[in-house]
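Residues per chain, in single letters:
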Amino acid sequence: MRYSQFLSFEWKQFKRSSSFQKGIGIKIVLLLAALYFIAAFTSLGLVAYYLIQKSFPQLDPIVVVNNYLIFWFLLDLTYRFFLQQLPVMNIKPFMLVPVKRSTIIHYLLAKTSWSFFNWLPLFFFIPFAIILLVEAYPLIQVMGWLVAMILFTLSLNYLNFLINKNNTYFYGLVSIIFSFAALRYFNIYDITVLAGEFFNKMYSLWYAFLIPLLLLVLLYRRNYAFVRKSFYLDDAIRKEKKLVKTQEFSFLNRFGKMAPFLKNDLKLILRNARPKQVLFMSFLFLFYGLIFYTQETYSDSPAFLVFASVFITGGFLLSYGQLVPSWDSEYYKLLMSQNIPYRQYLESKWYLMLVAVIISFILATPYIYFGWDIYAMIAAGAIFNIGLNSFITLFGGALNRVPVELNVKAKAFGNTQGFNPTQLLIALPKMLGPMLIFYIPYKLINFNAGLLALALSGLIGLMLKSFFLNKIESIYQKGKYKTIAAFNEKK
Amino acid sequence: MIRVENLSKKYNQDEVLHIEHLEIPKGQSFGLVGNNGAGKTTFFSLLLDLIQPTTGHIVSNTIRIDASEDWKPFTAAFIDESFLIGYLTAEEYFYFIGELRGQSKTAVDALLAEFEDFFQDEILQKKKYLRDLSKGNQKKVGIIAALIGQPDVVILDEPFANLDPTTQIRLKKIIKDLDENTETTILISSHDLIHVTEVCERIVVLDKGEPVKDIQTSQATLEELEAYFNK
């Protein structure tokens, strides 16, 4: 069994999957985005030296770059965490055939290093290094620095793998970053100075690249050990099972015909790993305002504050709602052959989002601290979420036919990520729309007119509820067979 | 009860099912046998409107299945595990199906009590989610759930597979009872010729998507089927 065989399997899986053809438009957009970033990074790499020279004439550009590298890498890691697709592989068929586990794991890990996120930084570092050479910096030092940068980038790749798959690493890293950020914020200790010195050593001592090399090897080995440990079919082996209680949620009975679905959705969220993760994420969205409302820069551009306000109450709506039929993918055939009109199904999902927005809005009350303007903005955002975003989200769901594994156990091989670039693309109008609706009357008339427009658009959407639901229902109805077939596809 | 008219299903150019005409009267227990790829599951999926017919249609109790959703209230099925909701306990699942079929909790409880020996104490009050049950126990849940609410049509795909011998025997009794005491139309597919001849009044053999035999079950049926499949 050689790596090339794995590659050919993967190519077949990719080509033969039902989601291959449908997303061609989205793929083109992603390709254009990639080209754009490559061009941007390359030109930045080419001009950065001279820009810095002009702004800080007394400093050496390479030193300035090194001083800020820590932020570069932090940003890199953040983008990776949310966007980089981690390898998904069906290991079961390989468990009993004569192929070494180490071969599979090395293949899996090596594959991640081909990600676009590893290539992109090179489009900055390499041109920048070339300019350094043009400017007669010593070859050996520049080469040492460049190699170190590449090794750091690769290390981030494997660090990202760990924090994505393992909560201990994730929370560990997040708390480290937060502690240093706090220390810096309160002027107690500034880690970035130390980091600057550290990265300068990468340049001044050409052999310093051995440090990132060591880091990379260590991280790779951690990854290897981690994946190796999960190389079992948990479900087949795990015998110990937690005893669970039958729950009634009879207080939901007042919702009449929708009650059984709402009860089911509640259980879905409370009893499965993936939805729980989403619930946690949407709780975090509540704090989104803290980032925006505290920054001076945003107070003169309220359109960005609208963006944050929509997020505060819309976290659950956006993150849960975007996967609406997918949450039920494991038993979609049951739903489709039971006595369930699509309309009722969609309406119950809509009510769930409505309740989530209302709860988030109540929890957002402390934002009054930032003033009534802000609070009014959150309220307008909530109305917009209920009246329009909920329907846009349900509509987007009809285009999303990716099955979701509710209770992902074998984490190292499954895709556990909250969202991917495609979903992000569908989500864009949901975020830019409210900004635009606010911004135009705000520019033309005043702040309150903007808020009023936002709230009104939500109210109009709410009045058109049955019209929207009918439209969405017919789209779901039209795609029914395709959706069933796609959800049926075993991963 | 069920009328099939000029039904066919093609994937690209391959015709996987072609039934010119087939009628299943109300109350019949109807068995479908055939080798792998004969089109049994395709036919059942068409009966549940899970896939789209290439030509023709099925009418169930005067309702065209691919044109209206009104067949759903009187039709129940268990095809595979995707008819179960993994994160529910067995009781919750039964009540959920019950609610969809307009059955009160007490009605569901009464029905479940009838099947206590079928469950063999493996299902109820087990405090486990369905996803944590074994394949056989999952199947028991799915089959009984399909009987909730006295549906007129019950469709079971391979109900005997994965069941232990005791449960197989009890399932046969359940199906026979349904056949004798109610007006329920039961459609069953199976690879086990003995089981299917025992419980079904009528057996249709599918071969490469076409019905090749249509037999009213008698003493000689098993032999006839064995001879056919031994060709």
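Residues numbered from 1 in each chain as written. Chains lettered and ligands numbered in written order. Predicted model: local features only at pLDDT ≥ 70, side-chain atom pairs only at ≥ 80, totals over all residues. Heavy atoms only, no water.

- Under the annotation held in an unreviewed UniProt entry, chain B carries the name ABC transporter ATP-binding protein and is attributed to Mesonia sediminis.

**Overview of the UniProt feature "domain: ABC transporter" (unreviewed entry) in chain B**
- According to UniProt, the "domain: ABC transporter" (unreviewed entry) feature falls on residues 2-225 of chain B.
- Span residues 2-225 of chain B is 33% helix and 27% strand, its end C-alpha atoms 24 Å apart. (UniProt positions renumbered as here; feature names shortened; annotations may be inferred. Helix = DSSP H or I, 4+ residues; strand = E, 2+ residues; numbered from the N terminus.)

**What to know about the side chain of Q28 of chain B**
- Mapped onto the fold, Q28 of chain B is located in the loop between β2 (14-24) and β3 (29-33).
- Its relative accessible area of 7% is what places Q28 of chain B among the buried residues. (Buried < 20%, exposed > 50% of the residue type's maximum accessible area, 1.4 Å probe, protein only.)

**A word on the interface of chain A and chain B**
- Listed as interface residues are 37 residues of chain A and, on the opposing side, 34 residues of chain B.
- Summed over both sides, the interface of chain A with chain B buries roughly 3,200 Å², with 53% coming from carbon and sulfur.
- Taken together, chain A and chain B are joined by 5 salt bridges.
- With a shortest N-O distance of 3.4 Å, K263 of chain A and E99 of chain B are connected by a salt bridge.
- Counting across the interface, chain A meets chain B through 13 residue pairs in polar contact (both at pLDDT 80 or more).
- Breaking the side of chain A that touches chain B down by element, the ones donating at least two residues are α14 (259-271), α20 (332-337) and α26 (480-488) of chain A.
- The leading source of residues in the side of chain A that touches chain B is α14 of chain A, at 7 residues.
- Partitioned by chemical class, the residues of the side of chain A that touches chain B number 16 nonpolar, 10 polar and 11 charged. (Contact = heavy atoms within 4.5 Å. Buried area = accessible area lost by both parts, 1.4 Å probe. Salt bridge = Lys/Arg side-chain N within 4 Å of Asp/Glu carboxyl O. Polar contact = N/O pair within 3.5 Å; in protein donor to acceptor, adjacent residues only side chain to side chain. Nonpolar A, V, L, I, M, F, W, Y, C, P; charged D, E, K, R; others polar.)

**Section: unusual backbone geometry**
Residues and elements named next belong to chain B.
- With a phi close to 55 degrees, N12 is a non-glycine residue in the positive phi region.
- Looking at the element boundaries, N12 is found in the loop between β1 (2-11) and β2.
- We classify N12 as exposed; its relative accessible area is 75%.
- One non-glycine residue, E158, lies in positive phi territory at about 50 degrees.
- The class for E158 is buried, based on a relative accessible area of 17%.

**Some details on a nonpolar patch on the surface**
All names here are of chain A.
- Together, Y171, F280, F283, L284, F287, L290, V355, I359 and L363 make up an exposed nonpolar region whose accessible area comes to about 810 Å².
- Going through the elements one at a time, α15 (273-285) and α21 (342-363) are the ones with two or more residues in the nonpolar patch.
- Its relative accessible area of 43% is what places F283 among the partly exposed residues. (Patch = residues over 30% accessible without salt bridge, like charges linked within 9 Å, V, L, I, M, F, W, Y side chains within 5 Å. Areas by Shrake-Rupley, 256 points an atom, 1.4 Å probe, with all protein chains shown as cover.)

**Examining the pairing of β2 of chain B**
- When β1 of chain B meets β2 of chain B, the two strands line up antiparallel, connected through 9 bridges. Each residue of the ladder has a partner; that of K10 of chain B, found in β2 of chain B, is E15 of chain B. (Pairing = 2+ DSSP bridges.)

**Some remarks on the nonpolar core**
- Membership of the largest hydrophobic core comes to 148 residues, with the highest contact counts inside it found for F43, Y93, F94 and L187 of chain B.
- Each residue touching F94 of chain B, except ones within four places of it in the same chain, is listed here: V108, L112, F119, I123, L124, V141, I144, A145 and I148 of chain B.
- Judged by nonpolar contacts, the second largest core, of 50 residues, contains F73, F94, L120 and F128 of chain A. (Core = buried A, V, L, I, M, F, W, Y, C linked by side-chain atoms within 4.5 Å.)

**What about the sheet that holds β3 of chain B?**
All names here are of chain B.
- The strand order across the open sheet built from 6 strands is β6-β7-β8-β3-β9-β10, with neighbouring strands paired in mixed fashion. The strands lining the two open edges of the sheet, one partner per strand, are β6 (75-78) and β10 (210-216). Strand-to-strand twist across the sheet, computed as the mean angle between neighbouring axes with direction ignored, equals 15 degrees.
- Two strands pair when backbone bridges link them, and strand β9 (residues 202-207) and β10 are joined in this way by 6 bridges, in the antiparallel orientation. Counterpart to L206 in the pairing with β10 is P211.
- Those strands touched by helix α1 (residues 40-47) are β3, β7 (153-157), β8 (185-189) and β9, and its axis lies near 145 degrees from that of β8.
- Sheet strands in contact with helix α8 (residues 221-229) are β3, β9 and β10, and its direction is about 160 degrees off that of β10. (Axes fitted to C-alpha atoms, helices over the stretch in contact; angles between N-to-C directions.)

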